[in-house]
Amino acid sequence: MNREGGCACGAIRFTIETAPLGTGACHCTNCQKFSGGGPNYVALLPKGALRVACGTPRLFCDRGDSGGEVQRAFCPDCGTPLWSIPEHAPFMTVKVGAFDESADLGPGLHVYCVSAPKWHPIPDGATRFEKMPPPDTAPA
C-alpha cells in the first residue's frame, strides 16, 4: 500500500507505505479552528509511517485534552494543515484532505461530538464518542 499527498502549493510532499489504522472526524474546538470550521477528518497511522519526500513542514505545538503536546504540521508557504503527532498516543493523524486520493477514507468514528456545532450533523448510526474513545477501542 502506497499513498501520497501534500500541500496545496506542492512545496510539501509525503508518502505512506502502510494502510491507515482507521479514520475519524474530530469535532473538538481546536480541530474546528485548524480545519476552518467543521470537524477535522483524519487517517490514523502508526507513528513513523509517514515519509516526507519534499519540503520542510512547519510545526505548531499545541496541547491535547490529555495535557500532552500535539505537534501540528503545516506548509509554511500556503498554510495547508498536513498532520498531527500527539505525544501520548501510539499513532499520528494525517489530514484526509492532504492525500492525493481520499475517496476511501470516510470517517470510521467521530470524536469530541460534545463540541460538534449543531449545523454539522453526524450521520445516524455513526460510531461516536462525547470525547475520546476508551483506549481499547479499535479504530474503524
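Above this text is the structure in question.
A brief look at the structure comes next. Model, not experiment: these values are computed from the prediction.

Taken as a whole and judged by the stated rule, the model has three aromatic pairs. For the pair Phe14 and Trp83, a centre-to-centre distance of 5.8 Å together with 80° between the ring planes defines the contact as edge-to-face. Placement of the pair is Phe14 in strand E2 (residues 13-16) and Trp83 in strand E8 (residues 81-86), with a sequence separation of 69 residues. The burial state of Phe14 is the same as that of Trp83; both residues are buried. Ring plane angle 70° and centroid distance 5.7 Å describe the contact between Phe14 and Phe99, whose orientation is recorded as edge-to-face. Of this pair, Phe14 sits in strand E2 while Phe99 is found in the loop between strand E9 (91-95) and strand E10 (109-111), placing the two residues 85 residues apart along the sequence. Each member of the pair Phe14 and Phe99 is classed as buried. Taken together, Phe14, Trp83 and Phe99 form an aromatic cluster joined through their ring pairs.

Among the nonpolar cores identified, the biggest contains 18 residues, and Phe14, Leu50, Leu82, Trp83, Val94 and Phe99 are the most heavily contacted of them. Of all elements in the fold, only E2, strand E4 (40-46), E8 and E9 reach the threshold of two or more residues within this core. In contact with Leu50, not counting residues within four places along its chain, are Phe14, Thr15, Ile16, Trp83, Met92 and Val94. Membership of the second largest hydrophobic core comes to seven residues, among which are Cys28, Cys31, Leu109 and Tyr112.

Read from one edge of the open sheet, seven strands run E6-E7-E8-E9-E4-E3-E10, paired in mixed fashion. In this open sheet, the two strands that pair with only one neighbour each are strand E6 (58-63) and E10. Each neighbouring strand pair of the sheet contributes to a mean axis angle of 30°, computed without reference to strand direction. Relative to E8, strand E7 (residues 69-74) runs antiparallel, the two sharing five bridges. Bridge pairing in E8 places Ala73 opposite Trp83.

Reading the values: rules and limits
Residues numbered from 1 in each chain as written. Predicted model: local features only at pLDDT ≥ 70, side-chain atom pairs only at ≥ 80, totals over all residues. Heavy atoms only, no water. Phe/Tyr/Trp six-rings, centres within 6.5 Å; stacked < 30°, edge-to-face > 60°. Helix = DSSP H or I, 4+ residues; strand = E, 2+ residues; numbered from the N terminus. Buried < 20%, exposed > 50% of the residue type's maximum accessible area, 1.4 Å probe, protein only. Core = buried A, V, L, I, M, F, W, Y, C linked by side-chain atoms within 4.5 Å. Contact = heavy atoms within 4.5 Å. Pairing = 2+ DSSP bridges. Axes fitted to C-alpha atoms, helices over the stretch in contact; angles between N-to-C directions.

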